[in-house]
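Summary of structural features
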Amino acid sequence: MNLLVINCGSSSIKAEIIESISGKRALSLKVERLEDNPQIIYDGEEQPIPCPGRSFKEILEKTIRSLAEHAKNITISGVGHRVVHGGEDFDGPVMIDAAVEQKIEELSALAPLHNPLNLMGIQVAKQFYPDIPHIAIFDTAFHQTLSKRAQVYAIDKKVAERNGIRRYGFHGTSHEFVANQAARFLKSETRSLRLITCHLGNGCSMTAVEYGRSIETSMGMTPLEGLVMGTRVGDIDPGILIHLLKKEGWSADELDTFLNKESGLKGLSGIGNDMRDIIERASEGDADCRLALNVFSHQVRKYIGAYATVMGGVDAIIFTGGIGENSAVVRHRVCQRLDFLGAVLDEDKNRDIKLTDDIKVEEFSSDYSRVKLLAVATDEQLAIARSSAKLILEMDKVNIDLSIPIAISARHVHLTQETVEQLFGEGYQLTEYKPLSQPGQFACNEKVTIVGPKNQIERVRILGPTRPKDQVEISRTDEFFLGIDAPIRQSGHTENSPGCTLIGPKGKAILKEGVICAWRHIHMTPEDAERFQVADKDIVDVEVKSNGRSLTFGNVMIRVSPKYKLEMHIDTDEGNAAELSSGAEGTLVSTEGEAMLKKKNVHFVS
Ligand code: ADP
């Protein structure tokens, strides 16, 4: 799926058409120097295209017009927009409608430099691409999982609430992306790992990603807090701001410029914000540049210690962003003396790291380091393309009927012909009472008694036709009553299960094995499997709602065969727990899509 990804910032406009699975760029452009003589630079084209305009909006319109012209032969399925501030409202990607646009506008109060431009990007792109979905991806969304104690500032609650003051965190798309990349590299999953992600670019931030969730992050209500950045100050004693306002007589705007544009590496080094220049000058002996480098690295180290403590340990520390990916010097300084944490850097590996289009993750910890040290290439544009594509697919799914009829199976037995004859007499053939929903299967007129060590259950129906193995399917309650400890198994898998005695009108049969509690399962055809996007033996969750109360059955196995009819089978105990009767339906909530489907109110239909 080709997605157009638009990122409107105050100093540049970036737009790319990205194939969401491979990450291949069909087209890539950048507009820089917005304030003086802006030019559109297409990747792979030497000649920049002048793009003069009196306002940001005019430049943007010219840019998107030029892009639409360049891309007229490419089918674009949707547009993903980077939006910096999602406030309290957005914890994931959303389809942009009028209400979402309004919310983004309202949130401009919290991000005056970013949200208005992001919104303009959305509105202009909609003019050119009115008929495809537009999706907003928020920098703050990944951090919505911060606990209250990590969110709040220690100020009067009413003042905080009135002004929306709390930690939101930023760079979420990048932190989430590199955490996932690292987990894949480590052949694990983020939900099994405690990670510290260090995004060190022009803007810098760190996140503690505990078992897949952001639980601490260094940027705050605005992107000004935390690490030392290119031109932003990072952590500072708020008393200094009061002091400056009083002593320098600065206005709020002047203070804003000082803290956002004149501080950080630029303020400390006196030569600008480019880390490459600072490292070079530091190596030549420039004291200010040395100090800038030291303060920068020291701050990152300090946060690593803090985040490892907050998580009670760490499995991997990840470096990304222009500095994190490229600077062996910074990685080295940050990782010095982290041995006490179990993180030991390998000098050679660190020096040799070269991330490329083909190598996107490299490890630079020593072989005996318990904590892995990784450099990971971030790709926020690709992350936006993928999240957008996923949402588009989920929306399509929502329009599909996802309900599954539920059948409650009462206790029953399947028998071999040999056992039938032991119970009903030689040459006896089972007779059909009524057909079952699965083609070819039927309930029989014949019934048997199941005898366990404690009790017996009479009149248990036999299901036909006969099978190669005896199998007795009972519920948990039946197990306790009979005194048999039966395992949960798929039908047909009776090996090493307990046995029982069956009594029929003409004799009894002693089964050595065959008593099971059926693994809850869904029968479906290959066409259903395609529609639900599941495969044979997948394990899914199914939500059922009855009398307004919902219950999710986890660990439900998918069984696919052209012979099957779509139906979920649960036993009587489970049906009782959910207060269900036959004829009820459930909704598949695959583990991945659960949150997404819930959000869209796709629920059980009864
Ligand atoms: P942005 O946050 O604007 O996306 P980047 O992630 O591209 O910025 O990071 C820009 C920073 O990365 C600059 O400070 C630049 O000097 C630094 N950088 C890029 N390459 C190197 C390098 N080889 N060594 C040190 N710093 C580097």
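Here's a quick rundown of the structure. (Residues numbered from 1 in each chain as written. Predicted model: local features only at pLDDT ≥ 70, side-chain atom pairs only at ≥ 80, totals over all residues. Heavy atoms only, no water.)

Quick notes on the overall build of the chain
Looking only at helices and strands, one finds 20 helices and 29 strands in the chain. Seen along its three principal axes, the alpha-carbon backbone of the chain occupies a region of about 105 × 55 × 50 Å. Counting only residues that meet the buried cut, the chain has 49% of its 606 residues in that class. Within the chain, residue pairs in contact and separated by at least 24 positions form 64% of the contacts whose partners lie at least 6 positions apart. As displayed, the chain has an accessible area near 29,200 Å², and 50% of this comes from carbon and sulfur atoms. A distance of 3 Å separates the average location of the 71 positive side-chain charges in the chain from that of its 85 negative side-chain charges. (Helix = DSSP H or I, 4+ residues; strand = E, 2+ residues; numbered from the N terminus. Buried < 20%, exposed > 50% of the residue type's maximum accessible area, 1.4 Å probe, protein only. Contact = heavy atoms within 4.5 Å. Areas by Shrake-Rupley, 256 points an atom, 1.4 Å probe, with all protein chains shown as cover. Lys, Arg positive; Asp, Glu negative; His and termini not counted. Charge placed at Lys NZ, Arg CZ, Asp CG, Glu CD.)

Some remarks on the site of the ligand
The environment of the ligand is formed by 13 residues, the closest being Asn202, Asp274, Met275, Gly322 and Asn326. Between an oxygen atom of the ligand and a main-chain N or O atom of Met275, the distance comes to 3.0 Å. Burial of the ligand by the protein chains amounts to 68% of its free accessible area of 580 Å². The element that contributes the greatest number of residues to the shell around the ligand is helix 12 (residues 321-326), accounting for 4 residues. Grouping the constituent residues of the shell around the ligand by class yields 3 nonpolar, 8 polar and 2 charged. (Near = heavy atom within 4 Å. Polar contact = N/O pair within 3.5 Å; in protein donor to acceptor, adjacent residues only side chain to side chain. Nonpolar A, V, L, I, M, F, W, Y, C, P; charged D, E, K, R; others polar.)

Regarding the pairing of strand 8 (residues 134-138)
Extensive coverage of strand 8 is indicated by the burial of 5 of its 5 residues. Burial of the side chains of strand 8 extends over both faces: His134, Ala136 and Phe138 are buried on one face and Ile135 and Ile137 on the other. In this structure, strand 7 (residues 94-95) lies alongside strand 8, joined through 2 bridges in antiparallel fashion. Considered in strand 8, the bridge of Val94 is made with Ala136. (Pairing = 2+ DSSP bridges.)

So, the pattern of salt bridges
Taken as a whole and judged by the stated rule, the model has 27 salt bridges. Across the salt bridge formed by Asp478 and Arg411, the nearest N and O atoms sit 2.9 Å from each other. One end of the pair, Asp478, is in helix 17 (residues 476-482); the other, Arg411, is in the loop between strand 15 (403-409) and strand 16 (412-414), and 67 residues separate them in sequence. Among the ionic pairs, Glu495 bridges to Lys469, the shortest N-O distance being 3.9 Å. Taken together, the residues Glu495 in the loop between strand 21 (488-489) and strand 22 (500-504) and Lys469 in the loop between strand 19 (456-464) and strand 20 (471-473) connect sequence positions 26 residues apart. According to the relative accessible area criterion, Lys469 is partly exposed, its value standing at 38%. (Salt bridge = Lys/Arg side-chain N within 4 Å of Asp/Glu carboxyl O.)

Points about helix 2 (residues 98-106)
Buried within helix 2 we find Val100, Glu101 and Ile104. The arc that holds the buried residues of helix 2, viewed along the axis, is 100 degrees, so those residues lie on one side. Across helix 2 from its buried face, at more than 90 degrees, point the exposed residues Ala98, Ala99 and Glu105. Buried residues along helix 2 sit in contact with strand 6 (78-83), strand 7, helix 3 (115-128) and strand 8. Here helix 2 starts with a cap whose side-chain oxygen sits 3.2 Å from the backbone nitrogen of Ala99, and that cap is Asp97. (Arc of directions from axis to C-beta.)

Looking at the sheet that holds strand 11 (residues 213-217)
Here 6 strands make up an open sheet; going across it, the order is 11-10-9-12-14-13 and the pairing mixed. Of all strands in the sheet, those with a lone pairing partner are strand 11 and strand 13 (361-363), marking the two edges. With strand direction ignored, the average angle separating the axes of adjacent strands in the sheet is 25 degrees. With 4 bridges connecting them, strand 12 (residues 316-320) and strand 14 (residues 372-376) associate as parallel partners. Its bridge partner lying in strand 14, Ile317 is registered against Leu373. (Axes fitted to C-alpha atoms, helices over the stretch in contact; angles between N-to-C directions.)

Structural notes on the packing of helix 1 (residues 56-70) against helix 3
Between helix 1 and helix 3, the shortest axis-to-axis distance is 10 Å and the interhelical angle comes to 40 degrees. Relative to helix 3, helix 1 is oriented oblique. Between helix 1 and helix 3 lies a crossing of right-handed hand. Every residue of helix 3 that contacts helix 1 at Phe56, Lys57, Leu60, Glu61, Ile64, Arg65 and Ala68 is listed here: Leu117, Met120, Gly121, Val124, Gln127 and Phe128. Across the contact of helix 1 with helix 3, the residue classes break down as 8 nonpolar, 2 polar and 3 charged. (Parallel < 35°, antiparallel > 145°, perpendicular 65-115°, else oblique. Left-handed = near helix turned anticlockwise from the far one by under 90°.)

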